[in-house]
Amino acid sequence: ERETMANKIVEDPRIDPRIKDLFKDMPQMAGARVESRDHLLSAMQADARSPVRELRVDGGAARNDLLLQFQADLLGIPVVRPSNIETTAQGAANLAGLSAGLWRSTAELAAIWRADRQFEPAITRDAAAAHMARWSRAVERARGWEREQP
């Protein structure tokens with residue numbers, strides 16, 4: 001159904017045909033988030049001087065299986081969703097418990113963490129690079145789309 005909607009948008013004569021790639025092949029429009037995570041992942045790997053072996057995610061977007069699979073595919077590493085996706089609140093509670101002596105170490109806290117699901121990359125690196133190149137082209141074509149208001 002999403003592809004059908006994307007095709008309808010592309011076929012609308014009021015839409016500039018030069019930006020049709022913005023809608024085709026990426027109907028979930030998650031490329032910007034993945035692109036920023038790709039840059040962040042590269043920076044993390046450079047700082048750590050070792051490869052990042054998995055990306056752990058949380059928050060509302062972590063409920064979206066399609067988004068997480070898309071990220072795994074484009075980043076080329078497993079994306080892991082925890083059983084508790086509200087890990088910010090959990091982290092604050094854990095730190096308070098650590099401070100109060102409920103846990104003796106961060107290692108003890110780490111042992112509590114549980115994965116709900118792991119999304120493995122399912123496309124080739126060449127296919128991922130082609131998707132990212134298309135997304136970058138679409139972003140470049142859309143630049144300046146919104147005009148400033150007087």
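Residues numbered from 1 in each chain as written. Predicted model: local features only at pLDDT ≥ 70, side-chain atom pairs only at ≥ 80, totals over all residues. Heavy atoms only, no water.

## Focus on the nonpolar core
At step 1: Counting 11 residues, the largest nonpolar core consists of Val52, Leu55, Val57, Ala62, Leu68, Ala72, Leu75, Ile77, Val79, Ile85 and Phe119.
At step 2: Looking at which element gives the most residues to this core, the answer is helix H3 (residues 65-75), with 3 residues. (Core = buried A, V, L, I, M, F, W, Y, C linked by side-chain atoms within 4.5 Å. Buried < 20%, exposed > 50% of the residue type's maximum accessible area, 1.4 Å probe, protein only. Helix = DSSP H or I, 4+ residues; strand = E, 2+ residues; numbered from the N terminus.)

## Observations concerning the confidence of the model for the chain
At step 1: In this model, the chain carries an average pLDDT of 76, and 69% of its residues clear a pLDDT of 70 or more.
At step 2: Of all secondary-structure elements in the chain, the lowest mean pLDDT belongs to helix H1 (residues 2-11), at 40, while strand S3 (residues 115-119) reaches the highest, 97.
At step 3: Note that residues 1-16 has pLDDT below 50 and, in this model, 13 contacts with residues that lie over four places away or in other chains.
At step 4: Scored below 50 in pLDDT, residues 18-30 makes 33 contacts in the model with residues more than four places away or belonging to other chains. (pLDDT = per-residue confidence, 0-100. Contact = heavy atoms within 4.5 Å.)

## Re the environment of Gly76
At step 1: The topology assignment puts Gly76 in the loop between H3 and strand S2 (79-82).
At step 2: The residues touching Gly76, leaving out its near neighbours within four places in the chain, are Gln71, Pro121 and Arg125.

## Re the pairing of S2
At step 1: Covered by surrounding structure in S2 are Val79 and Arg81 together with Val80 and Pro82, the residues of both alternating faces.
At step 2: Direction of pairing for strand S1 (residues 55-56) relative to S2: parallel, over a ladder of 2 bridges. Across the sheet, residue Arg56 finds its bridge partner in S2, namely Val80.
At step 3: Taking the sense of rotation as the criterion, the β-α-β connection linking S1, H3 and S2 turns out right-handed.
At step 4: Inspection of the sheet shows S2 paired to S3 by 4 bridges, in the antiparallel sense. Looking across to S3, one finds that Arg81 is bridged to Arg117. (Pairing = 2+ DSSP bridges. Right-handed = clockwise from strand over helix to strand, strands pointing away.)

## Topic: helix H4 (residues 87-99)
At step 1: Under the 1.5 Å per step criterion, the end-to-end length of H4 is 18 Å for 13 residues, consistent within 8% with the ideal 18 Å.
At step 2: Immediately beyond the C-terminal end of H4, within one or two residues, lies Gly101, with a positive phi of roughly 90°. (Expected span 1.5 Å × (residues − 1).)

## Notes on the layout of surface pockets
At step 1: Computed from the structure, the largest pocket encloses a volume of approximately 310 Å³.
At step 2: Along the wall of the largest pocket there are 14 residues; nearest its centre are Thr87, Gln90, Asn94, Leu109 and Trp113.
At step 3: For the lining of the largest pocket, the secondary structure elements donating two or more residues are H4 and helix H5 (106-110).
At step 4: Element by element, the count of residues in the lining of the largest pocket is highest for H4, at 5 residues. (1 Å grid on protein atoms, 1.4 Å probe; cavity = no way out; pocket = protein on both sides within 12 Å on 5 of 7 lines; lining within 4 Å. Points joined across faces, edges and corners; volume = space filled by probe spheres on them.)

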